[in-house]
Amino acid sequence: MNSSLMKPTRQQNRRIISYVPRVEPAPPDHALKVDGFRDVWLLRGKYVAFVMMGDSFRRSQAFSGPEAAQRWALQMRQEGEMGEA
């Protein structure tokens with residue numbers, strides 16, 4: 001098939017939206033630590049990761065499962081380690 005006759009793919013010019021972590025001095029007092037996960041807290045019925053980076057915490061977006069929040073935290077730690085090298 002002639003490629004010039006094919007339709008262009010949709011969402012060709014759509015911007016990629018990325019989450020910018022919030023910087024906080026500490027997890028809030030009303031957040032509950034989730035057992036079995038290093039960086040995951042339960043906050044308003046959603047799972048949020050808090051990762052210590054430098055002298056403050058980075059807060060993730062809200063996730064529906066603790067595993068997703070922990071994966072985000074691990075990714076943040078890896079990116080932080082790469083930035084230090």
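Residues numbered from 1 in each chain as written. Predicted model: local features only at pLDDT ≥ 70, side-chain atom pairs only at ≥ 80, totals over all residues. Heavy atoms only, no water.

A few words on the packing of aromatic side chains. In this description, an aromatic ring pair is defined by two values, namely the gap between the centres and the angle between the planes. Applying the stated criterion across every chain, the model contains one aromatic pair. Its guanidinium or amino end placed over the ring of W41, K33 lies 5.7 Å from that ring's centre, counting from NZ or CZ. (Phe/Tyr/Trp six-rings, centres within 6.5 Å; stacked < 30°, edge-to-face > 60°. Lys NZ or Arg CZ within 6 Å of the ring centre and 35° of its normal.)

Time to look at the sheet that holds strand β1 (residues 22-24). Strand order in the open sheet formed by five strands is β1-β5-β4-β3-β2, and the pairing between neighbours is antiparallel. The open sheet has two free edges, formed respectively by β1 and β2 (32-33), since each of these has just one partner strand. (Pairing = 2+ DSSP bridges. Helix = DSSP H or I, 4+ residues; strand = E, 2+ residues; numbered from the N terminus.)

Before going further, it helps to spend a moment on the nonpolar core. Within soluble globular proteins, side chains that are nonpolar tend to cluster in buried spots. The biggest cluster of nonpolar side chains holds nine residues, and these are V34, V40, A49, V51, F63, A69, W72, A73 and M76. Of all elements in the fold, only β4 (46-53) and α1 (66-84) reach the threshold of two or more residues within this core. A31, L43, V48 and F50 belong to the second-largest nonpolar core, a separate cluster that totals six residues. (Core = buried A, V, L, I, M, F, W, Y, C linked by side-chain atoms within 4.5 Å. Buried < 20%, exposed > 50% of the residue type's maximum accessible area, 1.4 Å probe, protein only.)

In the structure shown here, the tally under the stated rule is three salt bridges. Close ionic contact of R22 with E24 constitutes a salt bridge, the shortest N to O distance being 3.0 Å. Look at E24 and you get buried, because its relative accessible area is 11%. Each of R22, E24 and R59 takes part in salt bridges that share partners, so that together they form one network. (Salt bridge = Lys/Arg side-chain N within 4 Å of Asp/Glu carboxyl O.)

Nothing here speaks to function; it is all geometry.
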